[in-house]
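# Summary of structural features
Below, each chain spelled out in residue letters.
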Amino acid sequence: MSDLDQLTQSLARNLKRWRSERGLTLDALAARSGVSRGMIIQIEQARTNPSVGTTVKLADALGVSITTLLDYEQGSQVRLVPPEQAVRMWSTSTGSHTTLLVGTEKRGPLELWAWQLMPGDSSESDAHPEGTVELLHVAAGELTLVVDGKPHTLPAGTSATFEANVPHGYRNDGKETVEMTMAVSIPPVR
């Protein structure tokens with residue numbers, strides 16, 4: 001089984017599990033997430049590999065991290081994630097990419113990401129649920145962080161935090177590769 005097949009199967013199993021655990025019907029999850037009922041059915045039957053945006057919408061609607069939707073083998077007090085098990089979530093033909101390093105559900109989902117953004121590339125994100133906070137640190141290059149339409153320049157060595165309940169994005173307008181680490185804290189579902 002390929003990595004993509006394994007990811008598709010895991011997502012199908014976990015989406016069903018969390019939807020059931022939250023007591024949500026297909027229609028309720030569709031309304032809450034903005035993802036069509038038909039798409040949710042296809043995902044739960046492992047017939048499609050959804051986009052990162054769709055996966056984020058479903059995770060947000062369920063109040064869990066993407067890590068939890070992709071792999072629910074958590075339980076030990078210490079969970080090690082070797083590099084080959086980190087999940088590449090987004091990439092471009094020029095070499096930009098994001099990797100979900102690790103996440104947890106304790107006190108609300110918390111995710112840790114490694115980003116590499118090539119010159120000229122960008123990534124846009126829809127607004128996350130109210131109370132979601134992102135923290136990031138730029139290790140190399142110069143990042144343009146756009147929050148609710150307003151750009152902020154972050155040279156190497158700069159850190160930032162913002163409430164991510166508005167549209168936001170990350171751009172590399174420079175000539176050097178941007179490398180950054182980002183943590184995302186998502187409020188628990190009430």
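Located above this text is the structure these notes cover.
An account of the accompanying structure is given in this report. (Residues numbered from 1 in each chain as written. Predicted model: local features only at pLDDT ≥ 70, side-chain atom pairs only at ≥ 80, totals over all residues. Heavy atoms only, no water.)

### Remarks on the pairing of strand β3 (residues 110–117)
The two faces of β3 differ: E111, W113, W115 and L117 on one face are buried, but L110, L112, A114 and Q116 on the other face are not. Here β3 runs beside strand β10 (residues 178–185); their pairing, made up of 8 bridges, is antiparallel. Of the residues in β10, the one forming a bridge with L117 is V178. (Buried < 20%, exposed > 50% of the residue type's maximum accessible area, 1.4 Å probe, protein only. Helix = DSSP H or I, 4+ residues; strand = E, 2+ residues; numbered from the N terminus. Pairing = 2+ DSSP bridges.)

### Section: the nonpolar core
Counting 40 residues, the largest nonpolar core has L69, L136, L143 and Y170 as the members making the most contacts within it. No other element matches the 5 residues that helix α4 (residues 52–62) contributes to this core. (Core = buried A, V, L, I, M, F, W, Y, C linked by side-chain atoms within 4.5 Å.)

### Thoughts on the environment of E179
Looking at the secondary structure, you find E179 in strand β10. A relative accessible area of 39% means that E179 is categorised as partly exposed. The spatial distance from the C-alpha of E179 to the C-alpha of G141 is 6.6 Å, given a sequence separation of 38 residues. Sequence-distant contacts of E179, that is, excluding residues within four places in its chain, are made with W115, H137, V138, A139 and A140. (Contact = heavy atoms within 4.5 Å.)

### Focus: the packing of aromatic side chains
For any pair of aromatic rings, the description consists of the separation of the ring centres together with the inter-plane angle of the planes. Summed over the entire model, instances satisfying the criterion amount to 2 aromatic pairs. Summarising the aromatic geometry, the rings of W90 and W115 are spaced 5.9 Å apart at their centres and angled 45° between planes, so their arrangement reads as tilted. One end of the pair, W90, is in strand β1 (residues 87–91); the other, W115, is in strand β3, with 25 residues separating them in the sequence. For the ring pair W115 and Y170, a centre distance of 4.7 Å and an interplane angle of 55° mean the geometry is tilted. Remark: Y170 occurs in strand β9 (residues 168–171) and W115 occurs in strand β3; sequence separation between them is 55 residues. Of the two residues examined, W115 and Y170, each falls in the buried class. Grouping aromatic residues by their ring pairs yields a cluster made of W90, W115 and Y170. Geometry around W18 places R17 over its ring, the cationic atom sitting 4.7 Å from the centre. (Phe/Tyr/Trp six-rings, centres within 6.5 Å; stacked < 30°, edge-to-face > 60°. Lys NZ or Arg CZ within 6 Å of the ring centre and 35° of its normal.)

### Description of the packing of helix α2 (residues 26–33) against helix α3 (residues 37–44)
The N-to-C vectors of α2 and α3 enclose an angle of 115°; their axes lie 9 Å apart at closest approach. The angle between the axes of α2 and α3 places the two elements in the roughly perpendicular class. In this structure, α2 meets α3 at a crossing whose hand is right-handed. Contact residues: α2 offers L26, D27, L29, A30 and S33, while α3 offers R37, I40, I41 and E44. In terms of residue class, the contact of α2 with α3 is built from 5 nonpolar, 1 polar and 3 charged. (Axes fitted to C-alpha atoms, helices over the stretch in contact; angles between N-to-C directions. Parallel < 35°, antiparallel > 145°, perpendicular 65-115°, else oblique. Left-handed = near helix turned anticlockwise from the far one by under 90°. Nonpolar A, V, L, I, M, F, W, Y, C, P; charged D, E, K, R; others polar.)

### Observations regarding the pattern of salt bridges
Using the criterion set out here, one finds 5 salt bridges in the structure. Between D27 and R37 there is a salt bridge, with its nearest N and O atoms 3.0 Å apart. Of the two residues, D27 sits in helix α2 while R37 sits in helix α3, which places them 10 residues apart along the sequence. Here K57 and D126 are joined by a salt bridge, their closest N and O atoms 4.0 Å apart. Of the two residues, K57 is situated in helix α4 and D126 in the loop between β4 (122–125) and β5 (133–140); the sequence distance between them amounts to 69 residues. (Salt bridge = Lys/Arg side-chain N within 4 Å of Asp/Glu carboxyl O.)

### Structural notes on α2
Residues of α2 that are buried include every one of L26, L29, A30 and S33, and no others. Considered in projection along α2, the buried side chains sweep an arc of 100° and stay on one side of the axis. On the buried face of α2, the contacting elements are α1 (3–21), α3 and α4. Just beyond α2, the residue with positive phi is G34, at close to 80°. (Arc of directions from axis to C-beta.)

### Regarding the environment of G34
Following the sequence through the fold, G34 ends up in the loop between α2 and α3. The class for G34 is exposed, based on a relative accessible area of 58%. Separated by 24 residues in sequence, G34 and L58 have C-alpha atoms that sit 8.3 Å apart.

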